[in-house]
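Below are the chains, spelled out letter by letter.
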There are 2 protein chains.
Amino acid sequence: MAIGASLAHTLARLEAMLGDRVTANSAVREQHGRDEGYQPGQPPDAVVFPNSTEEVSAIAKLCSAAGLPMIPYGVGTSLEGQVMAPAGGLCIDLSRMREILQVNPRDLDCSAQAGVTRRQLNTHLRDQGLFFTVDPGADATLGGMAATRASGTNAVRYGTMRENVLGLTVVLADGRVIRTGGRARKSAAGYDLTHLFIGSEGTLGIITELTVRLYGRLEAVSSAVCRFATLDGAVDTAIETIQLGIPVARIELLDEVQIDAVNRYSRLSNPVAPTLFLEFHGTTSAVREQAEQVGSIAAEYGGGDFQWSQDEQQRQTLWRARHDAAYACKALRPGGEIWPTDVCVPISRLAECIRETRKDIDASKLVAPIVGHVGDGNFHVIMVLDPGDRGEMDRAHAFNDRLIARALDLGGSCTGEHGVGLGKRDYLLAEHGGAVEVMAGIKRALDPRNLMNPGKIFLA
Amino acid sequence: MAIGASLAHTLARLEAMLGDRVTANSAVREQHGRDEGYQPGQPPDAVVFPNSTEEVSAIAKLCSAAGLPMIPYGVGTSLEGQVMAPAGGLCIDLSRMREILQVNPRDLDCSAQAGVTRRQLNTHLRDQGLFFTVDPGADATLGGMAATRASGTNAVRYGTMRENVLGLTVVLADGRVIRTGGRARKSAAGYDLTHLFIGSEGTLGIITELTVRLYGRLEAVSSAVCRFATLDGAVDTAIETIQLGIPVARIELLDEVQIDAVNRYSRLSNPVAPTLFLEFHGTTSAVREQAEQVGSIAAEYGGGDFQWSQDEQQRQTLWRARHDAAYACKALRPGGEIWPTDVCVPISRLAECIRETRKDIDASKLVAPIVGHVGDGNFHVIMVLDPGDRGEMDRAHAFNDRLIARALDLGGSCTGEHGVGLGKRDYLLAEHGGAVEVMAGIKRALDPRNLMNPGKIFLA
């Protein structure tokens, strides 16, 4: 059966099952063929909107029978082309699977469908005095966040999705449904499939439900902002804070280019200097003690006035510049497109990596603020580009190559939290060597016909 | 070629390579065919003592060519038969690979060969003000601890091997050497092979080197001991402590049977009552605050005098009963054998699980103290048995079946930290259902001829 005929046949069967929750409408296909990154869109052949694990399983069985690629989709906030359909196929949009299934306050965990977003979950949890910590910039779905091993500003204290997912329900390529992990905090019972699916970007199966860790809201939260004479001073303050084991909840760097962008975007007048944004969680006395410790480290590294506050309203104001960072970049250059790239290095090498990168950006004549989850050794370079300017795009590609080579040379990773998708496949071998063939072997074992999000993570 | 001829041929080649570091001496084989658990010994055909990853790789190539099973061995402290050789083959004893390769104090990590033991590492680190947190009872090797996803008393605060291994060097069945993970604290680059090998018990490859997380020694450490009128009171205190997010470093339960055993063993006179042992890490004010918080919770649940101390000597004395627990069990019954089993449940179900288990032990007429890493919902039942008493052994098996069924019914795991080995294979399907077939598929992909520690984790 030719692909076209096979597709038509499968769509007819999907329609019989899902009614108007399957569509080949071109606007819907276009919308599902792009993400928030810089890659040109590649729309799927059709889009389905299942409501349950059982429906996803039935869809996978039909796709498997037809040899049709399956691309899981949350809300499309990936950055490296993870949701695109280079080989066509069916986009499985899980955003209608928005049910929070169970909250267990006594065990500090909850189970939810994959389409629940992080903000939806936290709104639901607020009255119970609980919160879910992982916070990538976008209001992503939990399923998408697990699939890309997402992270965010709280990771330095609470970990990434890697540390915060206890178990998964996954639909495999042939439609089988499995459950991984469980609600016990520890287990030594068999292979760790949960961590295998976290970060697999839909290439091994479709995550349909998750059990995640929660934390109780703390007695006290305080925020601080501190500006530095030099980028090195800010980074060294972050490094020493981590090395001393001070349990900061957030420690974020905005370089002077980013602060300038935020000022323009939000009509603020922050001094244009490398700036650290911090947050402390704990008891009232613990947050005071932590803030004082970091304040005295900052003073040693040329930090200016260390402003800190426990007042919720003031905290929001202090953090405003950080939260607006991504939008502000876009506003730096009207009509410009954003290419956000990220690397992660051991923290002892962070100052060196950021310093060289800033020089490289300037020498490459790129507009590109640096924003970093510096407590983890992770930072983003947000290039703001004119996609029509071929020379500039070439310089951006060459810069990205050098950035990643630099991070790998320093013992780091080609991506701290954005994942591989289409955009970072070229670098995987340089980072992992022969282990990539083991990854590919696992992919073949679980998805022998390469139907699950084909073209992602692996080259060819 | 018959197995005997093949073995002789391989041994000759191993001897040419390793000289006297290969042996078929029966005493050495016997010693390598048993662990610290209750399973009858099953010796390998021969034992080799490699010094390096390269030698392990060369050994694996020879075994692979000869179709000879490979059983990795550290210091033999596993508890579920992980080191035994039910299919014969070559035991690869890594205990001579004891080199600490690199300590990075600024990044709080270090790399070491797999045969380094946890105490050796901590002795090495002491002068640098660093420590490695994972502490199973035995002075196990890092490689063995990673392979069994080991844990211990510090896991409630610092995590298990799952959270503390950053990267691995692994020799695969065909002798290929791969490196997984890396030194960056976060990465979203490809499948998480590190977590796949952690807990794989030598069935997917041989761990030869590890990079692990370290922590800086803290300003203050304080310990506390508190006795309770009832087992429920002790367990409920632990549960509430965790639910309130108090960052205790250790919270261990010894039931009255265990306290009695320790008293007899060490000629102590601790009141025979369910007892919590706690430890607090942090700044001087933080540990005081934590101890006060837990003290007031304990008082609500019928806890007696809450003794706490920051004095190192006094701390050692307070903890003595906990550290002697395993030896004390053995002394409960001269000539008796120990069968330590462990389960883990969501903490909200822990009191119920322990209460029912205590009743079941008594009704089964078994001598079996309960010792728990209760902050994780994990506890051990240490049966002290006369292996010659068939009726008692039958009761022990039936009790173990019920214990595990109870833990699974409560949403838990059949093993929190001892692993599957030979002893818990029967329960894997009940815990993981269809996911076991996915685990087996990965096993086949990485070790198609089933040469890596065959017979472990999977039935048949």
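Keep in mind it's a predicted model, so treat the numbers as computed, not measured.

1. A word on the overall build of chain A
A count of helices and strands for chain A gives 17 helices and 18 strands. Taken over the C-alpha trace, chain A has a radius of gyration of 22 Å; the compact-globule value for 460 residues is 23 Å, and the two agree within 12%. Along the first, second and third principal axes, the C-alpha set of chain A runs to 70 × 55 × 45 Å. Within chain A, the fraction of its 460 residues that count as buried is 58%. Intrachain contacts of chain A at a sequence separation of at least 6 include 71% that bridge at least 24 residues.

2. Considering the interface of chain A and chain B
By convention, interface size is frequently given as the accessible area that disappears when the constituent parts associate. Across the contact, 75 residues belong to chain A and 75 residues belong to chain B. Put simply, the parts of the chain that give the side of chain A that touches chain B at least two residues each are strand S9 (177-181), helix H8 (193-197), strand S11 (215-216), helix H11 (284-300), helix H16 (425-432) and helix H17 (435-446) of chain A. It is H17 of chain A that provides the largest number of residues to the side of chain A that touches chain B, a total of nine residues. For the side of chain A that touches chain B, the per-class residue count stands at 29 nonpolar, 30 polar and 16 charged.

3. A look at the confidence of the model for chain A
Scored by pLDDT, chain A has a mean of 94; 99% of the residues are at 70 or more. Taken together, the chains of this predicted complex give a pTM of 0.97 and an interface ipTM of 0.96.

4. Remarks on the pairing of strand S4 (residues 90-93) of chain A
Residue and element names in this part refer to chain A. Burial along S4 is two-sided: Leu90 and Ile92 facing one way and Cys91 and Asp93 facing the other are all buried. Pairing analysis gives three bridges linking strand S2 (residues 46-48) to S4, with the strands arranged parallel. Following the sheet pairing, valine 48 is matched in S4 by isoleucine 92. In terms of strand pairing, strand S3 (residues 70-73) meets S4 through four bridges, oriented parallel. Note that in S4 the partner of tyrosine 73 across the bridge is aspartate 93.

5. Re the sheet that holds strand S17 (residues 370-373) of chain B
All names here are of chain B. Strand order across the open sheet formed by seven strands is S15-S12-S14-S13-S17-S18-S16, with antiparallel pairing between neighbours. If you trace the sheet from one side to the other, it starts and ends with strand S15 (307-309) and strand S16 (337-344), each paired once. Pairwise comparison of adjacent strand axes, ignoring direction, gives a mean angle of 15° for this sheet. Taken together, the three bridges between strand S12 (residues 220-227) and S15 define a ladder with antiparallel strand orientation. Paired with valine 225 across the two strands is glutamine 307, which belongs to S15. Each of strand S13 (250-254) and strand S14 (275-282) touches helix H9 (residues 231-243); the most contacted strand, S13, lies at about 165° to it.

6. Focus: unusual backbone geometry
Trans is the prevailing form of peptide bonds, just as negative phi is the prevailing case for residues other than glycine. Located in the positive-phi region is asparagine 453 of chain A, a residue other than glycine, with phi close to 45°. By the element assignment, asparagine 453 of chain A lies in the segment after H17. Phi at asparagine 450 of chain B is positive, roughly 55°, even though this residue is not glycine.

7. Some points on the environment of arginine 358 of chain B
Residues and elements named next belong to chain B. Examined against the element boundaries, arginine 358 turns out to sit in helix H14 (residues 350-363). You can call arginine 358 partly exposed: it has 18 C-beta atoms within 10 Å. Separated by 103 residues in the primary sequence, arginine 358 and aspartate 255 have C-alpha atoms spaced 9.3 Å apart. Sequence-distant contacts of arginine 358, defined by excluding residues within four places in its chain, comprise Leu231, Asp255 and Ile370.

8. Observations concerning the relation of the copies chain A and chain B
Think of it as a corkscrew move, a rotation about one axis and a shift along it, taking one chain copy to the other. Superposition of chain A onto chain B requires a rotation of 180° combined with a translation of 0.0 Å along the rotation axis, giving an RMSD of 0.0 Å. Taken together, these values place the two copies in the relation of a two-fold axis. Same-surface contact between copies: 100% of interface residues of chain A are shared with the interface of chain B.

9. Considerations on the sheet that holds strand S10 (residues 206-213) of chain B
Residue and element names in this part refer to chain B. Taken in spatial order, the five strands line up as S5-S6-S10-S8-S9 in an open sheet, and their pairing is antiparallel. The two strands at the open ends of the sheet, each matched to only one other strand, are strand S5 (100-104) and strand S9 (177-181). When the angles between neighbouring strand axes are averaged without regard to direction, this sheet yields 10°. Judged from the five bridges that link them, strand S6 (residues 109-113) and S10 form a sheet pairing that is antiparallel. Within S10, the residue paired with cysteine 110 across the bridge is valine 212.

10. Comments concerning the domain arrangement of chain A
Residue and element names in this part refer to chain A. One can read the domain layout of chain A as domain 1 (3-93), domain 2 (100-216), domain 3 (220-326) and domain 4 (333-419). Inter-centroid distance (C-alpha atoms) of domain 1 to domain 4 is 32 Å. Its residues assigned to classes, the side of domain 1 that touches domain 4 comprises two nonpolar, three polar and one charged.

11. Quick word on the environment of aspartate 409 of chain A
Residues and elements named next belong to chain A. Of note, aspartate 409 is situated in helix H15 (residues 390-409). Under the C-beta neighbour-count criterion, aspartate 409 is labelled exposed, with 11 such atoms within 10 Å. Placed 198 residues apart in sequence, aspartate 409 and threonine 211 show a C-alpha to C-alpha distance of 36 Å.

12. Here's the deal with H16 of chain A
Residue and element names in this part refer to chain A. Within H16, the full set of buried residues consists of Arg425, Tyr427, Leu428, Glu431 and His432. Down the axis, H16 shows its buried residues gathered within 140° of arc, on one side only. Considering only its buried residues, H16 is in contact with H15 and H17.

13. Re the pairing of strand S8 (residues 165-171) of chain B
All names here are of chain B. When you tally the buried positions in S8, you get seven out of seven residues, the bulk of the element. Taken together, the six bridges between S8 and S10 define a ladder with antiparallel strand orientation. Bridge assignment links glycine 167 to a residue of S10, and that residue is threonine 211. The pairing of S8 with S9 spans five bridges and is antiparallel. Each residue of the ladder has a partner; that of valine 171, found in S9, is valine 177. In textbook terms, the turn of a hairpin is the stretch between consecutive antiparallel strands, and for S8 and S9 this stretch comprises five residues, one of which, glycine 175, has a positive phi near 95°.

14. Observations concerning the packing of H9 of chain B against helix H11 (residues 284-300) of chain B
Residues and elements named next belong to chain B. Relative to each other, H9 and H11 sit at 140°, their axes nearing to 9 Å. The orientation of H9 with respect to H11, classified from their angle, is oblique. Both H9 and H11 take part in a crossing whose hand is right-handed. Between H9, through Thr237, Glu240 and Thr241, and H11, the contact on the second element is made entirely by Val294, Ile297 and Ala298. Class assignment for the residues of the contact of H9 with H11 results in three nonpolar, two polar and one charged.

15. So, the packing of H17 of chain A against helix H17 (residues 435-446) of chain B
Relative orientation of the contacting elements H17 of chain A and H17 of chain B amounts to 130°, with a least axis distance of 9 Å. Looking at the two axes, H17 of chain A sits oblique to H17 of chain B. Crossing of H17 of chain A against H17 of chain B: the hand is right-handed. Of the residues in H17 of chain B, those touching H17 of chain A at Val438, Gly441, Ile442, Arg444, Ala445 and Leu446 of chain A are Val438, Gly441, Ile442, Arg444, Ala445 and Leu446 of chain B. The residue inventory of the contact of H17 of chain A with H17 of chain B, partitioned by class, reads eight nonpolar, two polar and two charged.

The rules we used
Residues numbered from 1 in each chain as written. Chains lettered and ligands numbered in written order. Predicted model: local features only at pLDDT ≥ 70, side-chain atom pairs only at ≥ 80, totals over all residues. Helix = DSSP H or I, 4+ residues; strand = E, 2+ residues; numbered from the N terminus. Rg over C-alpha atoms; globule rule 2.2 N^0.38 Å. Buried ≥ 20, exposed ≤ 12 C-beta atoms within 10 Å, placed from the backbone. Contact = placed C-beta atoms within 7 Å. Nonpolar A, V, L, I, M, F, W, Y, C, P; charged D, E, K, R; others polar. pLDDT = per-residue confidence, 0-100. Pairing = 2+ DSSP bridges. Axes fitted to C-alpha atoms, helices over the stretch in contact; angles between N-to-C directions. Least-squares fit on C-alpha atoms with pLDDT ≥ 70 in both. Domains from an automatic or database assignment. Arc of directions from axis to C-beta. Parallel < 35°, antiparallel > 145°, perpendicular 65-115°, else oblique. Left-handed = near helix turned anticlockwise from the far one by under 90°.

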